[in-house]
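Architecture at a glance
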Amino acid sequence: MNESKPVAIDAETVPARIGTGYPDPYDKPCAERQKKPLGDAFNLSDYGVNLVSLPPGTWSSQRHWHSLEDEFIYVLRGRPILVTDEGETTLEPGMCAGFPAGVANGHHLVNNTDEVVAYLEVGSRRDEDDVEYSDIDMQVKRRGYGTGFTHKDGTPYE
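Let us look at the structure shown here.

1. Some words on the overall build of the protein chain
- If you tally the helices and strands in the protein chain, you get zero helices and 13 strands.
- The C-alpha atoms of the protein chain give 16 Å as radius of gyration, which agrees with the globular expectation for 158 residues (15 Å, within 12%).
- Overall size of the protein chain, expressed as C-alpha extent along the three principal axes, is 45 × 45 × 30 Å.
- Excluding contacts between residues fewer than 6 apart, the proportion of contacts in the protein chain whose partners are at least 24 apart in sequence is 60%.
- Carbon and sulfur atoms make up 51% of the accessible area of the protein chain, which totals about 8,900 Å².
- Across the protein chain, the mean location of the 15 positive side-chain charges is 2 Å away from that of the 27 negative side-chain charges.

2. Focus on the sheet that holds strand β10 (residues 117–124)
- The six strands are arranged β1-β2-β3-β10-β5-β8 in an open sheet whose pairing can be described as antiparallel. Two strands lie at the open edges of the sheet, namely β1 (17–18) and β8 (96–99), each paired on one side alone.
- As paired strands, strand β5 (residues 71–77) and β10 are joined by six bridges and run antiparallel to one another. In the strand pairing of β10, Val75 is matched with Tyr119.

3. Considerations on the packing of aromatic side chains
- This structure, assessed with the given rule, holds four aromatic pairs.
- Seen in terms of ring centroids, Tyr22 and Phe149 are 5.5 Å apart; in terms of plane orientation they differ by 80 degrees. Their pairing is edge-to-face. With Tyr22 in the loop between β1 and β2 (34–37) and Phe149 in strand β13 (residues 149–150), this pair connects stretches of sequence that are 127 residues apart.
- By relative accessible area, which is 23% here, Phe149 ends up partly exposed.
- Aromatic side chains Tyr26 and Tyr157 sit 6.2 Å apart centroid to centroid with 90 degrees between the ring planes, which places their arrangement in the edge-to-face category. Taken together, the positions of Tyr26 in the loop between β1 and β2 and Tyr157 in the segment after β13 put the pair 131 residues apart, joining distant regions of the chain.

4. Things to note about the environment of Pro93
- Structurally, Pro93 is set in the loop between β7 (87–90) and β8.
- Taking relative accessible area as the criterion, Pro93 reaches 48% and is therefore assigned partly exposed.
- Expressed as a C-alpha distance, the spacing of Pro93 and Gly21, which sit 72 residues apart in the sequence, is 28 Å.
- Ignoring anything within four residues of it in the chain, the contact list for Pro93 reads Val75, Leu76, Arg77 and Gly78.

5. So, the nonpolar core
- Among the nonpolar cores identified, the biggest contains 11 residues, and these are Val52, Leu54, Ile73, Val75, Leu82, Leu91, Ala97, Phe99, Leu109, Val117 and Tyr119.
- Where this core is concerned, the elements lending two or more residues are β3 (47–54), β5, β8 and β10.
- Among the nonpolar cores identified, the runner-up in size contains nine residues, and Tyr22, Tyr26, Cys30 and Val131 belong to it.

Parameters at a glance
- Residues numbered from 1 in each chain as written.
- Predicted model: local features only at pLDDT ≥ 70, side-chain atom pairs only at ≥ 80, totals over all residues.
- Heavy atoms only, no water.
- Helix = DSSP H or I, 4+ residues; strand = E, 2+ residues; numbered from the N terminus.
- Rg over C-alpha atoms; globule rule 2.2 N^0.38 Å.
- Contact = heavy atoms within 4.5 Å.
- Areas by Shrake-Rupley, 256 points an atom, 1.4 Å probe, with all protein chains shown as cover.
- Lys, Arg positive; Asp, Glu negative; His and termini not counted.
- Charge placed at Lys NZ, Arg CZ, Asp CG, Glu CD.
- Pairing = 2+ DSSP bridges.
- Phe/Tyr/Trp six-rings, centres within 6.5 Å; stacked < 30°, edge-to-face > 60°.
- Buried < 20%, exposed > 50% of the residue type's maximum accessible area, 1.4 Å probe, protein only.
- Core = buried A, V, L, I, M, F, W, Y, C linked by side-chain atoms within 4.5 Å.

Written as C-alpha cells, this is what we have:
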C-alpha cells in the first residue's frame, strides 16, 4: 500500500542525517556532513535526491565509485573541491558533475573554505550496487556478501 505523500515540501523541514556510517577512522572527515533525503519525502524508488551541506573542513565522503549506481551533483552554494583520478577541480554555484556507474574513477567533494557548501546529490537506488573506496582499505559488496563495510580482502570491520 502506498502511503500518501505531499506534492511539494519546504526542503528545510526535512530532518538531516549527520555524518556517515563509515568505520573509525574513515568517518572523521565526514562527521559534520549533513544530508537531507529529499527523495524519501516523495517515496521516490528509482533514484534518490539529497540536499547536502558541508561545513568548513568537511568531506562529502571518502573517495569512491559505484559498480551499478550513477551519481550526479549540482552545486548550489560555496566552492567545493572535486577530487577525482584526474586531480582537483574547484566547483562554483551552478556547476555540476556526473559519475557513471561502473567507471572506476574515485570521487568526492572537499570543503576547504570558510563557508558552508550546499549541493544536490542525485543517484540511482540499486540494492545490489558495490562501492569501492579508492584511497583506503574499504569496500561495500552487496552482491552475495551482505551490506556492511569490509576491508578489501573481505574481512568485516569491527
